[in-house]
Structure formats: structure tokens, C-alpha cells
Amino acid sequence: MTDRYAVFGHPIAHSKSPLIHAAFARQTGQDMTYEAILAPKDGFADSVAQFIAAGGRGANVTVPFKEQAFALASRLSPRAEQAGAVNTLTFDAGSIRGDNTDGAGLVADLTRNLHCLPGGRRILLLGAGGAARGVIEPLLDLRPAEFVIANRTVSRAQELAEQFGRGVVACGFDALHTPFDIVINATAASLAGELPPLSPRVFATDALAYDMMYGRDTPFLGFARAHGAATADGLGMLVEQAAEAFYLWRGVRPDTAPVIAALRQDRLEGESPAASPPRGPRT
Ligand code: NDP
């Protein structure tokens, strides 16, 4: 019987995940379907239960349900526990396993696709929300020389610095005056077309500026480019976190490069550029 997977979110119509997983399944010859499910904002757990009862084998979870998925899981991977959020569920013999593949997705995009190696480099992470939390531990594991978290609400950055330890420093945007080699925007500012109040001095010579938002040029990327940084959006992270989820479910690693290339050119099967939904930031 064909195995069923899905992504749960609210809203969900814009999600690229069904296209990405369909491409992975074709590429690797897996017999599976992957659909987008709009769960009611107050009915996430019920929607998941219905999907499991209908034979669902696993699911991705996106805004606003990642914390609810964390609470729903009967078992958590260490990286999900660290992140405090779950974006991948696996349903197996009555148990619900929760994992978080966002950090692995970012690290794969940085290191494999962008050839940017964080070891020994100075990293600045902007933001202290769910996306930021999920990538801290995997980035620290690459042993950067310096790791600073800056956030609009400084206390949230401080909480993360205390939680993760390992020399992580927290501050507000106005305290940033020194250069960094990798500047990652994990704030939701780009969603609103806004730029966090940054000094241009944060970009070292040859810095990489990475915006987790994808699908359109952002004020952050424009600002970084204007001050000499190389730039990348979060599309690669989106596909890489999906590949990690696919591997958890199917035990096979898809080749992400052709899927990223096809998405960039709006030519993944099932998508007509004219009918494309507005590009959104979510998985
Ligand atoms: P959250 O709502 O959990 O966190 C939002 C963060 O952004 C907080 O730190 C908040 O600061 C900060 N923020 C919001 N607005 C502004 C602003 N105008 N100026 C400065 N800081 C601001 O969001 P997520 O962490 O879930 O998502 C963050 C981004 O990452 C989104 O753009 C999302 O689309 C993207 N993302 C991309 C993924 C991918 O695969 N490419 C995966 C997951 C997320 P404060 O604490 O002060 O409120």
C-alpha cells in the first residue's frame, strides 16, 4: 500500500513541501504520497490523530504548530528537545516520534551547497524565535570561533545564551559593532519587509549574509550586499530540512541539488508559474 505523508500548517496552501517531497519520491523510487493539510488553529492534535487513523506514516509541521507538535510527540530526538519545537513527526506502532530537522537543513545548505564552513569563524545569529533556537546547537557543533545571538527583545537572546552555554554571547542590535564572517537572519523582520537595525560594521570582508526567508529579495540581503557581503536566501535550507525528514522516514537520502535548482526556476512538476501561490517563508 502506498505510504502517506503530509505537512500540517495554518495557512498551508503556499507550502512547497508537497512539491519537494514528490520530487524526492520520484527521484528515489519511493511509493508514497505527500499532501498539505490545513489544520484548524485549535485542532492540530485532532487533525494528526485523524491522519494517523487513515494510515499516515509521518508528517512535517509548520507555523503555527511546531510547539504543539513538540507537546504531542511521545518520544523526542535530542535535537528536538534542544530546539523546543518539532517539525517532523514519525508515526510508528502507536508512538509519535518528534524530531527537528531545521538545524541540519541550515548546516547542510551552508556547508554543502554554499561551501561556507563555520568552523573557526565568527557567527552572528539575528533573532531568538523558533527558527533561531533550532539552529544553535548544530552550528555550535561546527566549533565557530565566536557565536553571538542578537535579538530585539534582549532577554530572549539571553535565555538562549544561558540555555546553550558553550560561550554563546547575547546582546541587542545596538551593541553590535564588530565584524562577523557569517550573519544569519532568523528574525521574522523580512516577512514584514523590514530590516533589523544593524550596523554595516557587522559584515566582515568576505562575509556571508544568510536570510532564512526565501522566495524574494529582502531588505536584509540588499543591505548586506550594499556593504560587500555575499548573500543567500533560505530556499536551500527549506529543501535540506525536507531531505533530512525524508531520510528519517524512508532511510534514503535524496539528491537535493536538482530540486533546489528546479524550485529556483519555478519548474517543479505540478507547479505552473502562472498559478503559483505567493511564495511564503514556511515549510
Ligand atoms: P518567530 O515568530 O518564532 O520569531 C521571530 C523572531 O523575529 C523573534 O526573535 C523576534 O524578535 C524577531 N522579529 C520579528 N519582527 C522583527 C523586526 N521587525 N525586527 C527585528 N526582529 C524582529 O519566527 P520563526 O523563528 O519561526 O521564523 C523566523 C524566520 O525564519 C521567518 O522568516 C521564517 O519564515 C524563517 N524560517 C525559514 C525556514 C527555512 O526552512 N528556510 C525554516 C524556519 C523558519 P522578538 O523576540 O523581539 O519578538
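Here the structure is a predicted model, which means the values were calculated and not measured.

Undergrad: What is the right way to read the domain arrangement of the protein chain from this model?
TA: The accessible area lost on association of the parts is a frequent measure of interface size. Per the domain assignment, the segments making up the protein chain are domain 1 (3-100 + 253-275) and domain 2 (104-234). Each of domain 1 and domain 2 was reduced to a C-alpha centroid, and the two centroids are 26 Å apart. In this complex, domain 1 contributes seven residues to the contact, which on the side of domain 2 involves nine residues. Taking both sides of the interface into account, the surface hidden between domain 1 and domain 2 amounts to around 680 Å²; carbon and sulfur atoms contribute 42%. Considering only the side of domain 1, the residues that lose the most area to domain 2 are Gln82, Ala83 and Arg264, jointly responsible for 55% of the buried surface there. Taken together, the connections running from domain 1 to domain 2 amount to one salt bridge. The closest approach of N and O atoms between Arg264 and Asp233, which form a salt bridge, is 2.9 Å. Linking domain 1 to domain 2 there are two residue pairs in polar contact (both at pLDDT 80 or more). For the side of domain 1 that touches domain 2, the secondary-structure elements that each account for two or more residues are helix H4 (78-83) and helix H10 (257-264). With three residues, the single largest contributor to the side of domain 1 that touches domain 2 is H4. Of the residues that constitute the side of domain 1 that touches domain 2, the class distribution is two nonpolar, two polar and three charged.

Undergrad: Explain the nonpolar core here, please?
TA: A general trend in soluble globular proteins is that nonpolar side chains are found buried together. Core analysis: the biggest nonpolar cluster contains 27 residues, and Leu106, Leu125, Leu139, Phe147 and Ile184 have the highest contact counts within it. Broken down by secondary-structure element, the contributors of at least two residues to this core are helix H5 (102-113), strand S7 (122-126), helix H6 (130-140), strand S8 (146-150), helix H7 (154-164), strand S10 (180-185) and strand S11 (203-211). With five residues, H6 is the largest single contributor of residues to this core. Here Ile184 is in contact with Leu106, Ile123, Leu124, Leu125, Leu126, Leu139, Tyr210 and Met212, once residues within four sequence places are set aside. In terms of nonpolar packing, the next biggest core, distinct from the first, is built from 24 residues, Ala25, Ala242, Ala243 and Ala245 among them.

Undergrad: Help me out: how do you make sense of the packing of H5 against helix H9 (residues 235-250) in this one?
TA: Packed helices, taken two at a time, are described by their axes: the angle between them and the distance between them. Running from amino to carboxyl end, H5 crosses H9 at an angle of 120°, the nearest separation of the two axes being 7 Å. Comparing their axes, H9 and H5 come out oblique. Of the two elements, H5 crosses H9, and the hand of that crossing is right-handed. Contact residues: H5 offers Asp102, Ala104, Gly105, Leu106, Ala108, Asp109, Arg112 and Asn113, while H9 offers Gly236, Met237, Glu240, Gln241 and Glu244.

Definitions and limits used
- Residues numbered from 1 in each chain as written.
- Predicted model: local features only at pLDDT ≥ 70, side-chain atom pairs only at ≥ 80, totals over all residues.
- Heavy atoms only, no water.
- Domains from an automatic or database assignment.
- Contact = heavy atoms within 4.5 Å.
- Buried area = accessible area lost by both parts, 1.4 Å probe.
- Salt bridge = Lys/Arg side-chain N within 4 Å of Asp/Glu carboxyl O.
- Polar contact = N/O pair within 3.5 Å; in protein donor to acceptor, adjacent residues only side chain to side chain.
- Helix = DSSP H or I, 4+ residues; strand = E, 2+ residues; numbered from the N terminus.
- Nonpolar A, V, L, I, M, F, W, Y, C, P; charged D, E, K, R; others polar.
- Core = buried A, V, L, I, M, F, W, Y, C linked by side-chain atoms within 4.5 Å.
- Buried < 20%, exposed > 50% of the residue type's maximum accessible area, 1.4 Å probe, protein only.
- Axes fitted to C-alpha atoms, helices over the stretch in contact; angles between N-to-C directions.
- Parallel < 35°, antiparallel > 145°, perpendicular 65-115°, else oblique.
- Left-handed = near helix turned anticlockwise from the far one by under 90°.

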